[in-house]
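# Structural features, examined
What follows is the residue order along each chain.
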Amino acid sequence: MVDLKAKPFHLSDEDIKWVETMIASMTIEEKIGQLFINLGYRHDQEYLKEILEKYHIGGVRYNPNNAETIYEQNKYLQENSKIPLLIAANTESGGNGACTDGTLIGTHVQIGATQDSKYAYQLGYVSGVEGAAVGCNWSFAPVVDINYNWRNPVTMTRCFSDKPDVVLDMSKAYFNGISQSGFAAAMKHFPGDGVDERDHHLLASVNTKSCEEWDQTYGKVYQGMIEAGVQSVMIGHIKLPAYSRRLNPNMTDADILPATLSPELVTGLLREQLGFNGLVLTDASAMLGLTSAMKRSDQLPYAIAAGCDMFLFFNDPEEDFQFMMDGYKDGIITEQRLTDALTRILGLKASLGLPGKQQAGTLVPPKTALSVVGCEEHKAMAREVADQSITLVKQTRADLPLKPETHRRIMVYVLGDDLVFFGQKQQGVKDMIVEELEKAGFAVTLYETPSEQMARAKQESADDKKAPIAVQRFKREKISAFTDAYDAVILFANVQDFAQQNYARIKWSSPMSSEIPWYVTSMPTVFVSLNNPFHLYDVPMVKTYINAYAPTRTIIQETISKITGESTFKGVSEVDAFCGVWDTRI
């Protein structure tokens, strides 16, 4: 049974009456619809109207766009929904998760590197203020995973630390910050990612901790956040064999399911053992960790039967709605399980004051609230976080500082360029790097890969209406010519392959390519990672290595100021950037 007077709801008798009256008034179609969180692929009113009227959704998470577009979308949704909606955003790194022109304060691993929970609070605060301005009320954050395996491609920049106490401290601070805006938070990804090296977008990953180890690590974090009052938990497509077997001793290996479909983990571990009374939602249902576990027609009702209250995203709305309806009619979703799920869904809405706001017409704030999105105060916070977090991980040779007066001619290599970062399209990272280095007074030569050279030669030939110029793919210049031409090398890595492959490692442009750090023995060389904090594993030969954590202009500017010695390095890595390997420290 759900206790709406207890944590995390704390509802009054009047609020509870609203929940009960609303459930009693619903048709079965409306009840089934409340179980779904739609992924809004489009922002136009025709699409939004159909989703509301045909499927009666309980919540939405949408594709990114600018603040004004998201605002108008959310305004229409709330004004035309019979029951107020939970409107979610992935505000893991700031207001940029709510709208593309929002402020990126810092990734989780970057916030961890500040070693100060006040910045986790600021991350939550800005996420809430900017998210609320566009009409959101629910954050799919904080990420409370623990970075035990540097090879894990999901937790790469999305973990505060590899230490449970730090993760809990930072997560509580984030929650306190976002709560200032009347936001609900959804911590993720239960029962915990970061142990194996697989991406549950691509398969069901496995948390191999023993029950005792889990209790002291992930369990400690989840228990602490539950006690802090977090309102919701996102369930990952992650197996936890030790607890599945403990809670169901008759279970065979073949019976072990990802948590999303596991009553042992959702109901037995999260609800009963940890005492979580709030709302539970699945992670995205298109992820192969779920889709490969059983037929789609079974996945939907079995996730609810396992103890999840809301199902994240339709595949096909008409088909999925019918799958869920059939599961109810066939008794997979019992009447009691449906009522409990609806009670928590509406209970969360009531705890956020949505019924009263709906009556007052204030579910979405006045449009003037958009002035806070990307405001100067928030940009200043982002710059302070960058200054406090950028980490000089390794310096075993006196390569720094590099100043225009002493090292004016810089060869720059960039791995990775145009990037969609948490839904936000960045300007070409190469362009930003060159612009900012030139502003600092350097003469910059940007390396062109063989494929880039061929594309340029082809375009120039087409412009001049000449035959294409042949490019020698493996041509190398004399070492002396290189060292005579340049005073130093800076190599920027902007590598991410999130949800595409089970690793995020450096990929050079071609075999034995010129950007591979052969030059490290010949001249000052600085390696800067703008994303993955674990690149030292692939470039142990570099003597000066910096983790900057995110590919924004602000971070590039602050990194350059530290490379030139105008600013000191203040960040301390909260993960093992040396990857447990001896030669990365040399």
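These notes cover the structure that comes with them. Each chain carries its own residue numbering, running from 1 in the written order of its sequence. Per-residue local features of the predicted model are confined to residues with pLDDT of at least 70, and side-chain atom pairs are confined, for both listing and counting, to 80 or more; whole-chain, interface and lining totals are unaffected and use all residues. To get the side-chain values, take all heavy atoms of the structure and skip hydrogens and water.

## Section: the overall build of the chain
A tally of helices and strands in the chain yields 21 helices and 18 strands. All radius of gyration figures rest on C-alpha atoms, and the globule criterion is 2.2 Å times the number of residues raised to 0.38. The C-alpha atoms of the chain give 25 Å as radius of gyration, which agrees with the globular expectation for 586 residues (25 Å, within 12%). C-alpha atoms of the chain, sized along the principal axes, occupy 80 × 55 × 50 Å. Counting contacts in the chain only where the partners sit at least 6 residues apart, residues at least 24 apart contribute 77% of the total. Neither His nor the chain ends is counted toward charge; the positive residues are Lys and Arg and the negative residues Asp and Glu. By convention, charge coordinates are those of NZ in Lys, CZ in Arg, CG in Asp, or CD in Glu. If you average the places of the 56 positive and of the 73 negative side-chain charges in the chain, the two averages end up 4 Å apart. Only runs of H or I of at least four residues qualify as helices and only runs of E of at least two qualify as strands under DSSP, and these elements are numbered from the N terminus. Here, residues are in contact when the closest pair of their heavy atoms is within 4.5 Å.

## With respect to empty space enclosed by the protein
The probe, sized like a water molecule, is rolled over the atoms to show the empty space still left. Only protein atoms enter the calculation, which uses a 1 Å grid: trapped sets of points that fit a 1.4 Å probe without letting it out are cavities, open sets showing protein on both sides within 12 Å along at least five of seven lines are pockets, and any residue with an atom within 4 Å of a point is a lining residue. Grid points are joined across faces, edges and corners, and a volume is the space filled by probe spheres set on the points. In the structure shown here, the tally under the stated rule is two cavities of 30 Å³ or more. Quantified by volume, the largest cavity comes out at close to 50 Å³. With three residues, the single largest contributor to the lining of the largest cavity is helix H3 (residues 45-55).

## Some thoughts on the environment of Arg 158
Locating Arg 158 in the fold gives a position in the loop between strand S4 (138-139) and helix H7 (164-179). Residues Arg 158 and Ser 93, 65 residues apart in the sequence, show an inter-C-alpha distance of 8.8 Å. We call two N or O atoms a polar contact when they sit within 3.5 Å, provided that within protein one can donate a hydrogen and the other can accept it, with sequence-adjacent residues counted only if both atoms are side-chain atoms. Within polar-contact distance, the side chain of Arg 158 engages the side chain of Glu 92 at 2.7 Å.

## As for the packing of helix H13 (residues 296-306) against helix H14 (residues 317-329)
Where H13 contacts H14, the axes come no closer than 8 Å and their chain directions differ by 60 degrees. Considering the angle they form, H13 stands oblique to H14. The crossing of H13 and H14 is right-handed. Two secondary-structure elements touch here, H13 through Arg 296, Ser 297, Leu 300, Pro 301 and Ile 304 and H14 through Asp 320, Phe 323, Met 324 and Gly 327. Gly falls in the polar group here, along with every residue not listed as nonpolar (Ala, Val, Leu, Ile, Met, Phe, Trp, Tyr, Cys, Pro) or charged (Asp, Glu, Lys, Arg). Here the residues of the contact of H13 with H14 are counted per class, giving five nonpolar, two polar and two charged. Structural elements are reduced to axes, namely lines fitted to C-alpha atoms, with helices fitted over the stretch in contact, and the angle between N-to-C directions of any two is expressed from 0 to 180 degrees. Geometric relationships in this document are graded by angle, where less than 35 degrees denotes roughly parallel, more than 145 denotes roughly antiparallel, 65 to 115 denotes roughly perpendicular, and other angles denote oblique. In this scheme, a crossing is called left-handed if the near helix is turned counterclockwise away from the far one by less than a right angle; it is called right-handed if the turn is clockwise.

## A few points about the sheet that holds strand S12 (residues 409-415)
Here the rule is simple: two strands pair whenever DSSP picks up at least two bridges between them. Spatial ordering of the open sheet is given by S11-S18-S17-S16-S12-S15, a layout of six strands whose pairing is mixed. Every other strand in the sheet has two partners, leaving strand S11 (391-395) and strand S15 (443-446) as the edge strands with one partner each. Going across the sheet, the axis of each strand differs from the next one's by a mean of 20 degrees, ignoring polarity. Summarising the sheet, strand S17 (residues 525-529) and strand S18 (residues 544-547) pair through three bridges and their orientation is parallel. Pairing of Phe 527 across the sheet is with Tyr 545, part of S18. Across the sheet, helix H18 (residues 429-439) lies against S12, S15 and strand S16 (488-493), angled at about 160 degrees from S15, the strand it touches most.

## Some details on the pattern of salt bridges
One side-chain nitrogen of Lys or Arg within 4 Å of one carboxyl oxygen of Asp or Glu is enough to make a salt bridge. Tallying each qualifying case throughout the model produces 30 salt bridges. Between Lys 54 and Glu 50 there is a salt bridge, with the nearest N and O atoms lying 3.7 Å from each other. With a gap of four residues between them, Lys 54 and Glu 50 both fall in helix H3, about one helical turn apart. Type-normalised accessible area, obtained with a 1.4 Å probe on protein chains alone, sets the label of each residue: buried when under 20%, exposed when over 50%, and partly exposed for intermediate values. Judged by relative accessible area, Lys 54 falls into the partly exposed class, the value being 42%.

## Remarks on the sheet that holds strand S1 (residues 36-40)
Read from one edge of the open sheet, eight strands run S9-S7-S5-S4-S3-S2-S1-S10, paired in parallel fashion. Each edge of the open sheet is held by one strand with a lone partner, namely strand S9 (279-282) and strand S10 (311-312). One ladder, built from two bridges, connects S4 with strand S5 (residues 184-190); its direction is parallel. Bridged to Ser 139 within S5 is Ala 185. On top of the sheet, helix H4 (residues 67-80) reaches strand S2 (59-62) and strand S3 (86-89); it is set at about 165 degrees to S2, its chief contact. The strands that helix H9 (residues 218-228) touches are S5 and strand S7 (232-235); relative to S5, the one it contacts most, it runs at about 165 degrees.

## Comments concerning the pairing of S9
Across the two faces of S9 the burial is the same, with Leu 279 and Leu 281 and Val 280 and Thr 282 all buried. With four bridges connecting them, S7 and S9 associate as parallel partners. Note on S9: the bridge partner recorded for Met 234 is Leu 281.

## A closer look at H18
Taken as a whole, H18 has its buried residues at Val 429, Lys 430, Met 432, Ile 433, Val 434, Glu 436 and Leu 437. In the stretch just after H18, Gly 441 is the one whose phi turns positive, near 105 degrees.

## Considerations on helix H1 (residues 13-25)
Owing to its 3.6 residues per turn, the α-helix brings residues three or four apart onto one side. Helix span, as expected, comes to 1.5 Å for every residue beyond the first. In a regular helix each residue adds 1.5 Å, so 13 residues correspond to 18 Å; H1 covers 18 Å between its end C-alpha atoms and thus fits that length. If you check which residues of H1 are buried, you get Ile 16, Trp 18, Val 19, Met 22 and Ile 23. Each buried residue of H1 lies within a common arc of 155 degrees when the element is viewed along its axis, so the set occupies one face. Exposed residues lying more than 90 degrees from the buried face of H1 are Asp 13, Glu 14, Lys 17, Glu 20 and Ala 24. For H1, the elements touching its buried residues are helix H2 (28-34), helix H15 (335-351) and helix H16 (354-360). Here, the arc refers to the directions that run from the helix axis to the C-beta atoms.

## Focus: unusual backbone geometry
Here the bond from Lys 7 into Pro 8 is cis, since omega is 5 degrees, no more than 30 degrees from zero. A cis amide bond links Ala 141 with the next residue in sequence, Pro 142, at an omega value of 10 degrees. Relative to the helices and strands, Pro 142 is located in the loop between S4 and H7. A positive phi angle is found at Gln 115, which is not glycine, with a value near 55 degrees. Within the secondary structure, Gln 115 sits in the loop between helix H5 (108-114) and helix H6 (117-133). The exposure class assigned to Gln 115 is partly exposed, which follows from its relative accessible area of 45%. One non-glycine residue with positive phi stands out, namely Met 512, at about 55 degrees. Structurally, Met 512 can be placed in the loop between S16 and S17.

## Regarding the nonpolar core
Only buried residues count toward a nonpolar core. Its members are Ala, Val, Leu, Ile, Met, Phe, Trp, Tyr and Cys residues joined through side-chain atoms within 4.5 Å. With 126 residues, the main nonpolar core has Val 134, Trp 138 and Phe 190 as its most contacted residues. Residues Val 412, Phe 442, Leu 530 and Ile 560 belong to the second largest nonpolar core, which totals 28 residues.

## A word on the packing of H1 against H15
One way to put it is that H1 packs onto H15 with a least axis distance of 9 Å and a crossing angle of 135 degrees. With respect to H15, the element H1 is oriented oblique. For the element pair H1 and H15, the recorded crossing hand is right-handed. Judged by residue contacts, Asp 15, Trp 18, Val 19, Met 22 and Ile 23 of H1 engage Thr 339, Leu 342, Thr 343, Leu 346, Gly 347 and Ala 350 from H15.

## Section: the state of the cysteines
Cysteine sulfur atoms that come within 2.5 Å of each other are treated as a disulfide pair. Considering all chains together, one arrives at zero disulfides under this definition. Cysteine Cys 99 remains unbridged, with the sulfur of Cys 136 as its closest cysteine sulfur at 8.0 Å. Cys 159 supplies the cysteine sulfur nearest to Cys 579, a cysteine that is in no disulfide, at a spacing of 14 Å. On the basis of relative accessible area, Cys 579 is assigned to the buried category, the value being 6%.

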